[in-house]
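So you can see what is in the structure, the chains are spelled out below.
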Amino acid sequence: MEYHVTTEPVFSDEDRAWMARALELAAHARDAEGEVPVGAVLVVDGNAAGLGWNRNITLNDPTAHAEIQALRAAGQALGNYRFTGATLYVTLEPCAMCAMAMVHARVARVVYGATDPKTGAAGSVFDTLVSERHNHRVEVAGGLFAEAAGDMLRQFFRARR
């Protein structure tokens, strides 16, 4: 099976619903914890197995990205560290750390909102998720609610300056 970054993805109603939930989690990160607004939902068999939002500042943990939080929550809930067939919805293109965690967890697909032109590892800067060097590749679909996710991030950083 060949994996690649989808340049013009077609998103389902289910994709839109899960990304809307990820955007709610991003708003929670911003409003409740003063964190960079990124949210993530790991979906397994049509159910949210793990929810996450950025908690780097709150936890004093550089690894506490939304995707990592969602993967950790799913691992606890499911009693497993592998999530074959799962889709991870995240409001911002994953970084290299998060991308490698998805590869190791055997996530099948990632759907992200806004691209990250500085550290994105799902096609913007790096192609970590689809690298032929890995024994597992993650299908990538980007741009779902990109404007809403990007606006939330821009407004957050504008308010900080």
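In this text the structure is predicted, and so the values were computed from the model without any measurement.

> What should I look at first to understand the packing of helix H3 (residues 66–78) against helix H4 (residues 96–105) in this one?
The description of two packed helices rests on the angle between their axes and on the distance between the axes. Where H3 meets H4, the closest approach of the two axes is 9 Å, and the angle between their N-to-C directions is 25 degrees. Relative to H4, the element H3 lies roughly parallel. Of the two elements, H3 crosses H4, and the hand of that crossing is left-handed. Along the contact surface, H3 presents Glu-67, Ile-68 and Leu-71, while H4 presents Met-97, Cys-98, Ala-101, Met-102 and Ala-105.

> Honestly, helix H5 (residues 146–160) in this entry has me stumped. Any pointers?
Given 3.6 residues per turn, any residue in an α-helix points the same way as the ones three and four places further on. Taking 1.5 Å of rise per residue, 15 residues should cover 21 Å, and H5 covers 21 Å from first to last C-alpha, within 8% of that figure. Its buried side turned inward, H5 meets helix H1 (13–33), strand S4 (87–92) and strand S5 (109–114).

> Where do I start with the UniProt feature "binding site: Zn(2+)" (unreviewed entry) in the protein in this structure?
The UniProt entry lists His-65, Cys-95 and Cys-98 under the feature "binding site: Zn(2+)" (unreviewed entry), expressed in the numbering used here. A maximum C-alpha distance of 9.2 Å among these annotated residues, which run over 34 residues, shows that they cluster at one spot. When only the residues just named are considered, the largest pocket is lined by His-65 and Cys-95. Once residues within four sequence positions are removed from consideration, His-65 is found in contact with Trp-53, Asn-54, Asn-56, Cys-95, Met-97 and Cys-98. Given the relative accessible area of 0%, Cys-98 is considered buried. Filtering out sequence-adjacent residues up to four positions away, Cys-98 remains in contact with His-65, Glu-67 and Ile-68.

> Help me understand the packing of H1 against H5, please; the structure alone is not making it clear to me.
Across the interface, H1 lies against H5 with an axial gap of 11 Å and an inter-helix angle of 5 degrees. Looking at the two axes, H1 sits roughly parallel to H5. On the side of H1, the interface is formed by Leu-23, Ala-26, Ala-27 and Arg-30, while H5 contributes Ala-148, Ala-149, Met-152 and Phe-156. Residues that form the contact of H1 with H5 fall into these classes: seven nonpolar, no polar and one charged.

> Would you explain the pairing of strand S2 (residues 39–44) in this entry?
When a strand is regular, its side chains alternate between the sheet's two faces. Within S2, six of the six residues are buried, leaving the element largely enclosed by the surrounding structure. Burial along S2 is two-sided: Gly-39, Val-41 and Val-43 facing one way and Ala-40, Leu-42 and Val-44 facing the other are all buried. From the end of S2 to the start of strand S3 (residues 47–53), which pair antiparallel, there are two residues, and Asp-45 there has a positive phi angle of about 50 degrees. Where S2 lies against S4, four bridges are found, and the strand directions are antiparallel. The partner of Leu-42 across the bridge, within S4, is Leu-88.

Parameters at a glance
- Residues numbered from 1 in each chain as written.
- Predicted model: local features only at pLDDT ≥ 70, side-chain atom pairs only at ≥ 80, totals over all residues.
- Heavy atoms only, no water.
- Axes fitted to C-alpha atoms, helices over the stretch in contact; angles between N-to-C directions.
- Helix = DSSP H or I, 4+ residues; strand = E, 2+ residues; numbered from the N terminus.
- Parallel < 35°, antiparallel > 145°, perpendicular 65-115°, else oblique.
- Left-handed = near helix turned anticlockwise from the far one by under 90°.
- Contact = heavy atoms within 4.5 Å.
- Expected span 1.5 Å × (residues − 1).
- UniProt positions renumbered as here; feature names shortened; annotations may be inferred.
- 1 Å grid on protein atoms, 1.4 Å probe; cavity = no way out; pocket = protein on both sides within 12 Å on 5 of 7 lines; lining within 4 Å.
- Buried < 20%, exposed > 50% of the residue type's maximum accessible area, 1.4 Å probe, protein only.
- Nonpolar A, V, L, I, M, F, W, Y, C, P; charged D, E, K, R; others polar.
- Pairing = 2+ DSSP bridges.

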